[in-house]
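Survey of secondary and tertiary structure
Given next are the chains, with one letter for each unit.
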Amino acid sequence: MIDFELTPEEKKQIEKAHELAEELFRPISRYYDEHEHETPQEFIDKMWEIRGEGIASMGMDAAAALRTEELCWGDAGLYLCIPSPGLGGAAVFAAGTKEQVTRFLAGFGEKPTWGAMAMTEPGCGSDTAAITTTAVRDGDEWVLNGEKIFVTMGKRALEDSNGLVVVWATVDKSAGRAGIKSFVVPAGTPGMRVEKMEKKLGIRASDTVTIVFDNCRIPFENILGNPEVKKTETKGFRGAMATFDATRPIIAAQALGVGRAALDYVKETLENEGIKIRYGVPRQKLTALERDITEMEANYKAAKLLTLRALWMMSQLQPNSLESSMAKAKAGLAVTKITQKAVEIMGPLGYSRKYLLEKWMRDAKINDIFEGTGQINMLVTARRILNYSRDQLK
Amino acid sequence: MISFSPTEEQQMIVAMVKQFASDEMRKIYRECDESGDIPDSVIDTAWKMGLVSSSIPEDYGGPDGEHSAITGSLIGEELAWGDLSMAMHILCPSLFAYPVLEMGTDIQRKKYLPLVCDEKYKATTAALIEPRFGFDPNSLSTIARLDGNEYVLNGEKCYVPLAAEADLLLVYAEENSSRQGFIIEKGTKGLEVGEREKNMGIKALATYELSLKNCRVPKENRLGGEKGCDFNRIMNCSRVALSAMAVGVAKAAFEYSRDYAKERVAFGEPVASRQAIAFMLAEMAIEIDATRLMVWEAAWKLDRKEEATKEASLVKAYADDMVLMVTDRGVQILGGHGYVREHPVELWLRNGRGFVTFDGMAIV
């Protein structure tokens, strides 16, 4: 039965997430935007303390998207700082064996720990098949060499905690995509070092780093999925790509939080000014402002429902690659536009750093970029609806 | 519990309607658009599926199914995918029946609902839109005034589907600054059905102008009697129905242009293998899905009898834009071929453009 009602338990968790966002995230939001590489220690400790309540746990269902949205309504950069297996964890879940899930994620219970995923390289971003980082087998070990950039939460995972990073590397360059595998590298592994910390447009509370692998040795068992390379099949690559089916709608949910923060702020201001947004009025009779607001609201809703559907499908164990990409493409672009329009509408209040709106506009933009740019998600969507391979639609 | 899965029963209804749409409607829609006429046989076949009557309780002669806006939206989308004119014609009796079912007095239900449960299709309709600039359903120029035991109605209406053949009309009018419905029987003095209208699209659907000149109806013909009707809810049910139909029309244009783009070769490759075309199609697919989900959410609220003005009007505005974007691109992707009437996309563009105008011409 088509239903949009949350269970009482889900509602409670979402409300709690909203309270946290208001009480814990918002008050320090501006500070950590302006003090880019400072660690929000109290925030981290608090989030760690309440981890058992499940408010910030990742989860792969529609309710998880709604919790994520609330927290990112508070602050999207701080959200990424919450100690969690994060994208690395998602990759282990998506491509790892049961034994690997237990082995790698057990350590996340002792003290604040983070997981990260390293995919992008200086020479390739969305084109993950062009990865040049190598993994060479040497007896019972893999030896990794290469450079990864734009690793979200890489520093906290590898330097501030005993976390891990999931690294994508090729075991056989001549095999192309079939040779791409993912590997778990625990913090403290010799031969791995965190370098440059990026200075970013937004989500400044979160760290984004470069990681260099220099004859970095990891146990053979740290490869996720099947170590065999069969040139005729790309199952391993597709397994790794399956991570995106889970993470893209979560990024979409993060986007929604930022978009709604902007939308709520604009609507609240209008209300205080005595300006009412009318619904059910013919469009030609709406003011330009009402048109803008209702368009923003409709786009937000469209993105939200696509996101909920993608995660609901995941919870039903239905293939959701198409729907995940649709949600991510729509949400990333929608909130980018919503926040930019909000700045326009609010005029001097929108552009000033006295208020958070300008920050939300900067924060929003990343959602149209990481975990696959809007264009890559359009490409995935297009290939799926056309039933085209990557060779048929480049 | 959040779910995006229609019930098994709804899935069966959708499958049945889809079959009908592709077997019957899609075979003749061009002919109907050119001739302005829909064969009775198609309407009768559709009627036998009981798409309208299935919502009517046993007490009033129906099969006692549940009236659901979600089910109505699913049906609306599939029928509109087949053809919008035929969809509106087939569902036209619901314009009268559903408001009576939901808001009519017991006497009104007993008197009128059995008529839509007849085995043969019988047209009943509703009149809302008025032929003037700046038409706003929230302030009608058609006026109803109580005079003794009768209401006196005056005003002009347009886009009234099947007005010439309908036995019963539900006419919406302003009464003491509220919007109310009035049941008018065919042949009532002062009710004049004008010439059949000529429109850009939905050409196979017969629509008419109406004029009401001191048209008197008994007091008890006011929809809902003393209590009146919840006009806002009727509008919301209409917004959701039209949005669902817009999704259907858009889906038709999307599928056709997608298939065309895969076949049409330019520079040695199917045009679909170029991002310029592929990305257009991807965006069409995303927006169609998003609109459908918004339709479901608004319909879900209606089924729970919750206030849904915000959801219904947001989705309607979104669907109006979406269907125009999608059907226009349908034409664009076919290029010159899209502009000629050998292909259906120009028809969908003409029909799609109308949604912003079609207030009250469909209902769930």
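Residues numbered from 1 in each chain as written. Chains lettered and ligands numbered in written order. Predicted model: local features only at pLDDT ≥ 70, side-chain atom pairs only at ≥ 80, totals over all residues.

**Considering the packing of helix 5 (residues 86–95) of chain A against helix 6 (residues 98–105) of chain A**
Residues and elements named next belong to chain A. For clarity, the cut-off: Here an angle of 0 to 180 degrees is reported between the N-to-C directions of two axes, which are lines fitted to C-alpha atoms, with helices fitted over the stretch in contact. Each helix is a run of DSSP H or I of at least 4 residues and each strand a run of E of at least 2, with the numbering of both proceeding from the N terminus. Each angle gets one of four labels, with under 35 degrees taken as roughly parallel, over 145 as roughly antiparallel, 65 to 115 as roughly perpendicular, and the rest as oblique. Crossing handedness is read from the near helix: turned anticlockwise from the far helix by less than a right angle, it gives a left-handed crossing, and turned clockwise, a right-handed one. By definition, residues are in contact whenever their C-beta atoms, placed on the basis of the backbone, come within 7 Å of each other. Residue classes follow a fixed rule: Ala, Val, Leu, Ile, Met, Phe, Trp, Tyr, Cys and Pro count as nonpolar, while Asp, Glu, Lys and Arg count as charged, and any other residue, Gly among them, counts as polar.
It is the contact of helix 5 with helix 6, at a shortest axis distance of 8 Å, that shows an interaxial angle of 160 degrees. Of the possible angle classes, the one that applies to helix 5 and helix 6 is roughly antiparallel. Helix-helix and strand crossings are classified by hand; for helix 5 and helix 6 the assignment is left-handed. In contact with Gly89, Val92 and Phe93 of helix 5, helix 6 contributes Gln100, Val101, Phe104 and Leu105. Taken together, the residues of the contact of helix 5 with helix 6 sort by class into five nonpolar, two polar and no charged.

**What to know about the domain arrangement of chain A**
Residue and element names in this part refer to chain A. Put simply, the test is: As annotated, the domain borders come from an automatic or database domain assignment.
The domains assigned to chain A are domain 1 (8–84), domain 2 (89–233) and domain 3 (237–386). A straight line from the C-alpha centre of domain 2 to that of domain 3 covers 29 Å. The partner domain 3 presents 16 residues to the 15 residues of domain 2 that form the contact. Listed by contribution, the elements that provide at least two residues to the side of domain 2 that touches domain 3 are helix 5 and strand 5 (180–186). Counting residues per element, the side of domain 2 that touches domain 3 draws most heavily on helix 5, which supplies four residues. A breakdown of the residues in the side of domain 2 that touches domain 3 according to their chemical character gives nine nonpolar, five polar and one charged.

**What to know about the pairing of strand 7 (residues 208–219) of chain A**
Residues and elements named next belong to chain A. The following threshold applies: DSSP bridges decide pairing: two strands pair if at least two such bridges lie between them.
Inspection of the sheet shows strand 3 (residues 141–152) paired to strand 7 by nine bridges, in the antiparallel sense. Along strand 7, the bridge assignment pairs Thr152 with Thr208. Here strand 6 (residues 192–197) runs beside strand 7; their pairing, made up of four bridges, is antiparallel. Looking at strand 7, one finds that Met192 is bridged to Phe213.

**Considering the domain arrangement of chain B**
Here chain B is described as being made up of domain 1 (8–117), domain 2 (124–227) and domain 3 (231–356). Contacts between the two partners involve six residues from domain 2 of chain B and, on the opposite side, six residues from domain 3 of chain B.

**So, the interface of chain A and chain B**
Counting from both sides, the interface comprises 36 residues of chain A and, opposite them, 36 residues of chain B. The set of elements that each furnish at least two residues to the side of chain A that touches chain B consists of helix 9 (288–315), helix 10 (321–346) and helix 13 (374–386) of chain A. Per-element tally for the side of chain A that touches chain B: the top contributor is helix 9 of chain A, with 10 residues. For the side of chain A that touches chain B, a count of residues per class yields 22 nonpolar, six polar and eight charged.

**Concerning the environment of Val331 of chain B**
All names here are of chain B. Rules: The exposure scheme places C-beta atoms from the backbone and then counts, for each residue, the other C-beta atoms within 10 Å of its own, assigning buried at 20 or more, exposed at 12 or fewer, and partly exposed in between.
Relative to the helices and strands, Val331 resides in helix 9 (residues 309–334). Residue classification places Val331 among the buried residues on the basis of 21 C-beta atoms within 10 Å. Setting aside anything within four residues of it in sequence, one finds Val331 in contact with Gly338, Tyr339, Val345, Glu346 and Leu349.

**Structural notes on the confidence of the model for chain A**
Note the cut-off: Per-residue confidence from the predictor is given as pLDDT, running between 0 and 100.
Considering every residue of chain A, the mean pLDDT works out to 93; 97% of them sit at 70 or more. Mean pLDDT across the elements of chain A bottoms out in helix 5 of chain A (88) and peaks in helix 12 (residues 357–365) of chain A (98).

**Some thoughts on the nonpolar core**
We apply this condition: A set of buried residues drawn from Ala, Val, Leu, Ile, Met, Phe, Trp, Tyr and Cys, joined through C-beta atoms within 7 Å, is what defines a nonpolar core.
Val165 and Phe183 of chain A together with Val240 and Leu281 of chain B are the most contacted members of the largest nonpolar core, which totals 257 residues. When residues no more than four places from it in sequence are discounted, the contact partners of Val240 of chain B are Ala69, Ser73, Val295, Ala298, Ala299, Leu302, Ala312, Val315 and Val364 of chain B.

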